[in-house]
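# Notes for the structure review
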Amino acid sequence: MQILGSILISLIGLRLVLSLLDVIRTQRHSANQRRKSLELLDERIASIRALRKQRETQQTHWNGYRKFRVDRKVLEADNICSFYLVPHDGKPLPKYRPGQFLTFRFQLPDLNTKKSKSVVRCYSLSEAPRPGYYRVTVKRVPPPPGVDAPEGRVSNYFHDHVIEGDILDVQSPRGDFFLEPTERSPVVLIGGGVGVTPVLSMANTILETDIQRDVWFFLGVRCGREHPMREHLQQLDEQYDHFHLMVCYSCPEGCDESEKIFHHKGHVDLAVISETVKVCNYDFYICGPPPMMETLVPALKDWGVPKEKIHTEAFGPATVNRAKKSSTPQKSQADSENKPEITVQFSRSETCVTWDHNQSSLLDFALDQGIEIDSGCRAGSCGSCEVAVKQGEIEYTVEPSVEVGRGSCLACIACPKTNLVIEA
Ligand SMILES: Cc1cc2nc3c(=O)[nH]c(=O)nc-3n(C[C@H](O)[C@H](O)[C@H](O)COP(=O)(O)OP(=O)(O)OC[C@H]3O[C@@H](n4cnc5c(N)ncnc54)[C@H](O)[C@@H]3O)c2cc1C
């Protein structure tokens, strides 16, 4: 009887273990199923995103250069002019994302040879996307103080020679420095000098939606004479409760003080931002001159703004990328001592040089050797500096935001990984 009981208990125990195993197997199976469904969902989302991006690209892009007529030229402040551009072919104008830029090509006489040469430059779109026109705002660039150098070529050409009715060659809008206007979280927009252009486009776009998204807008200029879009910004400030304007003059003049047209005397720095915004967890979009970017970006990080919430635009060679190179000279030297010797051969110029590990890009390296490579944005966004790589490998300092032909690279953001032969 006792034996029978033990057998019965063992059988029940076995049955229990088996059903437990069954439950575990079923749970594992459904966990696997769930994981697979999630993976499938991720794949679907990724392909929908890719399709949407492809569609957007088709909607916002044309290939190469398109002709635009200068419809209006408007003086915005001392040495700052806006150009309203309409498509010469009269066809519809693709939309762009606020913060993006246009790339222009001019045929200008070479300063030495006097032969005509193509010169490429980028200018941010300074208005919210409009169906009928694009607008860029250009600041005249003088020679650096105390240096016997020519004035900025294209900016001065824009001011002195481009007039209403002129036809310009323009590439489609590009760039990764943009915001999603339909998001709802508060945003901090910071523009220094003419760096106001992309953030102004962002502010205008947000304020034209029905979304009551808080926008803190900081503008830093030297004085009233250099204050672009003054009336427009004041008007936005009066019209929208969720638009908070803070204008900072670093060197106000007498009449500025009496007219009370600025809010803060000094630069746009962390003190004025933290005092005004108070919260460090918003998205920050910043575009300004090198000293502003070099101090403000690390200061915001120190204050606690997450790295991924700080978005910057570099206006050409002198801003963020170069700052990185020059701010840590000792480290760069120590680093470069441990790196292997790499040679770069410029095949067309028949020049072979040892790579300098302190260089920030092949473009700068080539220019230092007196080798010409076209360039525009210097940030991997406009594609002007694409060169063929005949041998060897490169690595990018940032990912290109334009498509690069197979076997070529963007010299402005590329460094050699191995010995290199490039067509330049
Ligand atoms: C994405 C992006 C967006 C931009 N958006 C705008 C915008 O909205 N508005 C705007 O105004 N700018 C903008 N820029 C900057 C613009 O593209 C040009 O860099 C700027 O206008 C200067 O171009 P430039 O041809 O006039 O000057 P450059 O001819 O390129 O000269 C630049 C400086 O170098 C000096 N220089 C020239 N030759 C020498 C030499 N041999 N020795 C020493 N110094 C020399 C010049 O005097 C000048 O000070 C943007 C740039 C980028 C990358």
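Thresholds applied
- Residues numbered from 1 in each chain as written.
- Predicted model: local features only at pLDDT ≥ 70, side-chain atom pairs only at ≥ 80, totals over all residues.
- Heavy atoms only, no water.
- Axes fitted to C-alpha atoms, helices over the stretch in contact; angles between N-to-C directions.
- Helix = DSSP H or I, 4+ residues; strand = E, 2+ residues; numbered from the N terminus.
- Parallel < 35°, antiparallel > 145°, perpendicular 65-115°, else oblique.
- Left-handed = near helix turned anticlockwise from the far one by under 90°.
- Contact = heavy atoms within 4.5 Å.
- Buried < 20%, exposed > 50% of the residue type's maximum accessible area, 1.4 Å probe, protein only.
- Lys, Arg positive; Asp, Glu negative; His and termini not counted.
- Salt bridge = Lys/Arg side-chain N within 4 Å of Asp/Glu carboxyl O.
- Polar contact = N/O pair within 3.5 Å; in protein donor to acceptor, adjacent residues only side chain to side chain.
- Phe/Tyr/Trp six-rings, centres within 6.5 Å; stacked < 30°, edge-to-face > 60°.
- Lys NZ or Arg CZ within 6 Å of the ring centre and 35° of its normal.
- Domains from an automatic or database assignment.
- Buried area = accessible area lost by both parts, 1.4 Å probe.

### A word on the packing of helix H6 (residues 270–277) against helix H7 (residues 290–303)
It is the contact of H6 with H7, at a shortest axis distance of 10 Å, that shows an interaxial angle of 45 degrees. The orientation of H6 relative to H7 falls into the category oblique. The way H6 lies across H7 gives a crossing that is right-handed. Here H6 contributes Leu270, Ile273 and Ser274 to the contact with H7, which in turn contributes Leu296, Ala299, Leu300 and Trp303.

### Focus on the side chain of Asp256
In this fold, Asp256 is placed in helix H5 (residues 254–259). Here Asp256 is buried and forms no salt bridge, its nearest opposite-charge partner Arg230 lying at an N-O distance of 5.3 Å. A polar contact is formed between the side chain of Asp256 and the backbone nitrogen of Glu253, at a distance of 2.8 Å. Those residues within four positions of Asp256 in sequence are excluded, and the remaining contacts are Cys223, Gly224, Tyr249, Ile261 and Phe262.

### Some details on the packing of aromatic side chains
Applying the stated criterion across every chain yields a total of 19 aromatic pairs. For the ring pair Phe106 and Phe158, a centre distance of 5.2 Å and an interplane angle of 80 degrees mean the geometry is edge-to-face. Of this pair, Phe106 sits in strand E3 (residues 101–109) while Phe158 sits in helix H2 (residues 153–161), and the two are 52 residues apart along the sequence. One exposure class covers both Phe106 and Phe158, and it is buried. An aromatic cluster is present here, built from Phe83, Phe104, Phe106, Tyr123, Tyr157 and Phe158 joined pairwise through their rings. Sitting over the face of the ring of Trp62, Arg66 holds its NZ or CZ atom 5.1 Å from the ring centroid.

### A word on the domain arrangement of the chain
Looking at the chain, the domain boundaries give domain 1 (66–142 + 150–170), domain 2 (187–315) and domain 3 (330–422). Tallying the contact residues gives 19 residues for domain 1 and 16 residues for domain 2. Together, Asp78, Pro98 and Ser124 form the three largest contributors to the area buried by domain 1 at its contact with domain 2, with a combined 28%. For the pair domain 1 and domain 2, the interface holds 2 salt bridges. Glu208 serves as the salt-bridge partner of Arg130, at 2.7 Å between the closest nitrogen and oxygen. In this assembly, domain 1 and domain 2 are joined by 4 residue pairs in polar contact (both at pLDDT 80 or more). Only strand E1 (66–77), strand E2 (80–87) and strand E5 (134–139) provide two or more residues apiece to the side of domain 1 that touches domain 2. Sorting elements by how many residues they give to the side of domain 1 that touches domain 2 places E5 first, with 3 residues.

### Here we look at H2
Among the residues of H2, Val154, Ser155, Asn156, Phe158 and His159 are the ones counted as buried. For H2, the secondary structure elements touched by its buried residues are E1, E2, E3, strand E4 (116–124), E5 and strand E6 (167–170).

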